[in-house]
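This is what each chain is made of:
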Amino acid sequence: LGKSVGTLTKFSYKGLVYKSYEGELNVGGVRNRQGANGNTSMVANVWQFSCSNPSVAKQLDDLLGKEVVIRYHQSFAGVRRDTSYDVVSVEEVKR
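What counts as what
- Residues numbered from 1 in each chain as written.
- Predicted model: local features only at pLDDT ≥ 70, side-chain atom pairs only at ≥ 80, totals over all residues.
- Heavy atoms only, no water.
- Helix = DSSP H or I, 4+ residues; strand = E, 2+ residues; numbered from the N terminus.
- Buried < 20%, exposed > 50% of the residue type's maximum accessible area, 1.4 Å probe, protein only.
- Lys, Arg positive; Asp, Glu negative; His and termini not counted.
- Charge placed at Lys NZ, Arg CZ, Asp CG, Glu CD.
- Phe/Tyr/Trp six-rings, centres within 6.5 Å; stacked < 30°, edge-to-face > 60°.
- Core = buried A, V, L, I, M, F, W, Y, C linked by side-chain atoms within 4.5 Å.
- Contact = heavy atoms within 4.5 Å.
- Salt bridge = Lys/Arg side-chain N within 4 Å of Asp/Glu carboxyl O.
- Polar contact = N/O pair within 3.5 Å; in protein donor to acceptor, adjacent residues only side chain to side chain.

Chemist: Which residues make up the overall build of the chain, and what values go with them?
Modeler: In terms of regular secondary structure, the chain is built from 1 helix and 5 strands. The linear arrangement of helices and strands in the chain, starting from the amino end, is β-β-β-α-β-β. Considered along the principal axes of its C-alpha atoms, the chain spans approximately 45 × 40 × 25 Å. Taking all 95 residues of the chain together, 29% fall into the buried category. Taking the average place of the 13 positive charges on the side chains of the chain and the average place of its 9 negative ones, the gap between the two points comes to 3 Å.

Here is the structure:
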């Protein structure tokens, strides 16, 4: 079981044959990326995840744009989603 904290910036239900819930979490900061032309650019540090539980997916959709704590399982075999990270719970960060 893993945990990640950040701002929930994207969440959707997609797929051609196998539909899945997919999202992105901005975990803060920026990282350098060197392009083909040799120039370095700054990009947001984004973590991509999937969600197979419809009730957790509803919570994620309701929390879009908010800072959240996501707990997930990572699996490698038999995955019918975009990532190997499957969200099992989410809660809003209260400040």
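There's more to say after this.
Chemist: Quick one: what's the story with the packing of aromatic side chains, residue by residue and with numbers?
Modeler: All told, the structure shown has 7 aromatic pairs when counted by the stated rule. Relative to F49, the ring of F11 lies with its centre 6.4 Å away and its plane at 20 degrees, an arrangement referred to as stacked. With F11 in strand β1 (residues 2-14) and F49 in strand β3 (residues 40-51), this pair connects stretches of sequence that are 38 residues apart. Assessed through its relative accessible area of 0%, F49 is described here as buried.

Chemist: Which residues make up the nonpolar core, and what values go with them?
Modeler: Counting 15 residues, the largest nonpolar core has F49, L60 and I70 as the members making the most contacts within it. Secondary structure elements with two or more residues in this core: β1, β3, α1 (54-62), β4 (67-74) and β5 (85-92). Residues within four places of L60 in sequence aside, it is in contact with L8, F11, F49, C51, I70, V87 and V90.

Chemist: So, the side chain of E24: which residues are in play, and what are the values?
Modeler: With respect to the helices and strands, the residue E24 is situated in strand β2 (residues 20-34). The side chain of E24 sits in the buried core without any salt bridge; K10 is the nearest counter-charge, 4.3 Å away. A polar contact is formed between the side chain of E24 and the side chain of Q48, at a distance of 3.1 Å. Apart from residues no more than four positions distant in its own chain, E24 is found in contact with T7, L8, T9, K10, V46, W47, Q48 and F49.

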